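Observations on the three-dimensional arrangement
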Amino acid sequence: MNDRYRTPLNTIEFRVWARYAMFTDPLTRVGGEKCSYHLPTYEALKGICKSIYWKPTFIWYVDQARLMRRIRTQTKGMKPLSYNAPGNTLAIYTYLTGDARSASSTEVTQGAGVEYQVRAHFEWNPHQAALESDRVDGKHFAIAQRSLERGGRQDIFLGTRDCQGYVGPCRFGSDAGDYDNDGELQYGLMFHSFDYPDETGAGRLATNFWRPRLVNGVLTFPRPEDDRQIVKKDIRGMVPKHFGLGQNLQGIEQEYSATEADTSAMGAGAQP
Amino acid sequence: MSWLQRLSETYDACFGREQFANHPLPPLSSVPQRTQLHVTLWEGGTFQRAEIRELDNTTMFVTEDSAGRSGTKPAANPLTDQLEYCALGVDRFGGDASKFERFRTTLENWIESGLLDKKVKAVYTYVTAGSMLDDLLREQVLLVQDGELQKVKVGKSKLDPLKLWVRWSVYTAERQAETWSDTLLAQCWAEYDANLSSERALCMMSGDLVRTTQKHPKRLRHSGDSAKLISANDNEGFTYLGRFRSSEEALTIGYLNTQKAHNALRWLIERQGTRHGDQVIVSWSVCADATPRLAFNSAQLFTQADEDLELENEADDAGYQGDTGQAFARRLNRLIRGYGAKLKERNDVVTVMALDSSTDGRMATLYYRELKGSEFLERIERWHKALAWPQNFGNGNRFVGAPAPRDIARAAYARKVGEGAKRCFEVDDKLLRATVNRLLPCIVDAAPIPRDVIRAAVAQTIRLGSTRTMKPLENEEFARSLGVTCALIKGSKLEEDFRMSLQEQRTTRAYLFGRLLAIAESIERTALEIAEEKRETAASRYMQAFADRPFETWLIIAKSLKPYEARLRANPKPWCASFLKKRQDLIANVGDLFDPDEFTSKRTRLDSEFLLGYYCQYVALTSKRTRPAAETSNDEDNTNDKFNDQD
């Protein structure tokens, strides 16, 4: 891709892939039947970034996502457990998957599944005043990159926990994707993200919606505060979680030196 | 997702349009209801007459509460409702008197909001006068015995009189008498009902601040359907509770939007949906232009196109075997161009949806795609061209074309069920729905056909072929399966470029072996018919073994043919000897085409391609036109042609 996009500070670019994804549509979900959106949600990708590396000191912002595989869906009949009654109910879940990559009609080089390239960056969380001393330039970013090379600190999943995925570093825009020449596609109102009080400072939980535009396979996400593109629905009041250095949070200096020690212990032959 | 939006747009585009006058979109704030009691009044509100006559799909006005009413204090519908609600004083026959009060209040509120319609006022006057029960008893529409109301006979069943649904007609100087088919009245009601609440919240579908609702319509697939697409009623479990504390927090959709969308969906399903049990597949363009139905086989597609597009029936000259493919392609092209012309005018988007329910009360969207109109037609064309093959579905139902997903499921998974006279081949319902669901992306997304379906169809066909008897049930099923399976094989191996007619230059091992089997069967069958023995050929019984170990089985078949060849040679009729010679020459020719190593190899079982060779050779041998007229005589062509009867 030839865009001269100037990326903000602390940007990471990674590819995430999985057999299935479930970006649940809230419309049918309240009935118990899950159907996936065809596009990833901001919240799901932000969650993947957080699984790679996260501290309450900063907030991840997902800038762009690129679809690499042609969208397919697959329906599975499920027997989810009932919470109150014994036994289970029946439900139909429609997962998102993608075209397999094959060299010929009989050979499959890469199995069916979703694959995205994501570009995201983090900024300091202004509402966590107690963690001001934790905002050290460079060190958080270094750990984030290192975690990305190792596949993330926590498990990666696309939407719901049963859609296990993997991450790896990449250069955003490299390789050919299935939607590269498809022009522009406009979608209806879709879920974007949640506004949690610890990141907005407002003491309320809110849901954000937006109208995605898929341009040549690339989704450009608005920030959650962007009034022009985001439709906000206020839900209820919520108390933000309290983080304190040394209380329930390991500060960056400790984190960084621990990581340094690990890397040198593993030696030069450490594989990402 | 966008499907709700799309349906809402479809409703707006199609409501009240002339071209749908035969089957109009239902108005908002109303549901279809089967009503039994028809009461006619004069303009002043006096009783004229009443009759018991059932009418399905009466338009019944509803409020948000009364649409899905239940519980101890169910809300009343404004106009059409059960007798228990409409009549004063039902408590003397054991009914609930409070229902009438709610009914009266609802009606009163509507009239006081500035309604001008005289019919509704007449109904109100009559109902408040309270003489309804007496009038019905006097007219002997209802009968009393020992102080209790008798059950009323409607059609074949007897219904509780208090539960009868009432519809009203009022004779006035204006317009028509019937309240339920009056579209202006329906509109009045819809407007009044829309303004009944002034609370505003964000609609998660459109993004506007509108009146929202938590109750969404049901009765989508048929009037007794209790499954809802959107339902939020789990207040104890964690379907949506957790982060959210109530269903309003989880989901809010506009009152009008959800009605529009669900009404449109119900209308589309009735109009152009394909149903397999509980599953529904529906495809539509936003302006509801005619589109070819996804789940049809080619014959059904052509019939539907003739209606939709009003094409003149070109004289279908079946012509030579080689021409059937071309005739089919021509007809398909005309069809696609015809549909394309309509869609292109509007640059429409075609939406495909499949719905199914796993439990009562809930429906899920199994499949959802939006395509440009041209892309949709292109995919349909591609599917039908790729899988075109001569089909024989029994009872004279023959056509050249692609099988429907349902037909494919049957070819792959049907089993014999039933006993005696009711024996037939059927697919298990759940398996049918699952297979149809798997095949949808093959049509719409041009995805490759799942290999296990093809494998199952091939195995089934070979099994049916090997266990053939002279009974029509198995024979027909084999013929049907063979056509569908050949279509599948052809469609999944497009690069091999299989033709519907015999390809004499084709030298693939499986194809040639299939040809050999067909020739052997032909020799044996002719010999059996001359001797008037009514049994299946031994060669056909070897089909399964032949598919697994062709070379060894061919030796056995060749040996078992010897007595039949002897019979033909010894037969005094002149054509027998020449017939035999021709067949033997053909065997030799086919044998020459083989690669000697491939012929004798004991390694691998035959590719599914062998069915194509078998079919093509069989048709070539039994079709009249492949032999020059001078050499044929009546006897020779009397062979029992199972695949290609000349009717």
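Below: a short report on this structure. (Residues numbered from 1 in each chain as written. Chains lettered and ligands numbered in written order. Predicted model: local features only at pLDDT ≥ 70, side-chain atom pairs only at ≥ 80, totals over all residues. Heavy atoms only, no water.)

1. A closer look at the sheet that holds strand E12 (residues 213–215) of chain A
Hydrogen bonding along the main chain pairs the strands of a sheet, whether they run parallel or antiparallel. All names here are of chain A. On the basis of which strands lie adjacent, the open sheet formed by 8 strands has the order E7-E8-E1-E6-E3-E13-E12-E9 and antiparallel pairing. Two strands close off the open sheet at either side, each with one partner strand: strand E7 (156–157) and strand E9 (184–186). Pairing of E12 with strand E13 (residues 218–220) involves 2 bridges; the strand directions are antiparallel. Paired with Val215 across the two strands is Val218, which belongs to E13. In the packing of helix H2 (residues 42–52) onto the sheet, contacts are made with strand E1 (11–18), strand E3 (58–67), strand E6 (114–124), E7 and strand E8 (164–169), and the angle to E3 comes to roughly 120°. (Pairing = 2+ DSSP bridges. Helix = DSSP H or I, 4+ residues; strand = E, 2+ residues; numbered from the N terminus. Contact = heavy atoms within 4.5 Å. Axes fitted to C-alpha atoms, helices over the stretch in contact; angles between N-to-C directions.)

2. Examining the sheet that holds strand E5 (residues 91–98) of chain A
Residue and element names in this part refer to chain A. Taken in spatial order, the 3 strands make up an open sheet running E2-E5-E4, and their pairing is mixed. On the outer flanks of this sheet lie strand E2 (34–35) and strand E4 (71–78), each paired with one strand and no other. Pairing between E4 and E5: 8 bridges, direction antiparallel. The partner of Gly77 across the bridge, within E5, is Ile92.

3. What about the environment of Leu9 of chain A?
Residue and element names in this part refer to chain A. Tracing the backbone shows Leu9 in the segment before E1. Distance in space between the C-alpha atoms of Leu9 and Asp137 is 9.9 Å, their sequence separation being 128 residues. Contacts of Leu9, omitting those with residues within four sequence positions, involve His121 and Phe122.

4. Quick word on the nonpolar core
The nonpolar side chains of soluble globular proteins are, as a tendency, buried together. Counting 107 residues, the largest nonpolar core has Leu294, Leu387 and Phe610 of chain B as the members making the most contacts within it. Beyond its immediate chain neighbours, meaning those up to four positions away, Phe610 of chain B contacts Ile462, Ala510, Tyr511, Gly514, Leu517, Met543, Phe546 and Ala547 of chain B. With 99 residues, the next largest nonpolar core counts Val16, Phe23 and Ile252 of chain A together with Leu202 of chain B among its residues. (Core = buried A, V, L, I, M, F, W, Y, C linked by side-chain atoms within 4.5 Å. Buried < 20%, exposed > 50% of the residue type's maximum accessible area, 1.4 Å probe, protein only.)

5. Notes on helix H7 (residues 183–194) of chain B
Residue and element names in this part refer to chain B. Relative to the 16 Å expected for 12 residues at 1.5 Å per residue, H7 spans 16 Å between its end C-alpha atoms, a close match to the ideal helical length. For H7, the complete set of buried residues consists of Leu185, Ala186, Trp189, Ala190, Tyr192, Asp193 and Ala194. Its side-chain oxygen 3.2 Å from the backbone nitrogen of Leu184, Asp182 forms the N-cap of H7. (Expected span 1.5 Å × (residues − 1). Polar contact = N/O pair within 3.5 Å; in protein donor to acceptor, adjacent residues only side chain to side chain.)

6. Regarding the environment of Arg468 of chain B
All names here are of chain B. For Arg468, the location among the structural elements is in the loop between helix H15 (451–466) and helix H16 (472–492). Take Arg468: its relative accessible area is 4%, and that puts it in the buried class. Put simply, Arg468 and Pro572 are 104 residues apart on the chain and 31 Å apart in space, counted from C-alpha to C-alpha. In this structure the side chain of Arg468 is engaged in a polar contact, spanning 3.0 Å, whose partner is the side chain of Glu521.

7. Details of the packing of aromatic side chains
Residue and element names in this part refer to chain B. Per the stated rule, a full pass over the model turns up 39 aromatic pairs over all chains. Here Trp575 and Phe579 contribute two aromatic rings whose centre-to-centre distance is 6.1 Å and whose plane-to-plane angle is 75°, an arrangement assigned as edge-to-face. Placement of the pair is Trp575 and Phe579 together in helix H21 (residues 574–593), with a separation of 4 residues, close to one helical turn. Assigned by exposure class, Trp575 and Phe579 land together as buried. (Phe/Tyr/Trp six-rings, centres within 6.5 Å; stacked < 30°, edge-to-face > 60°.)

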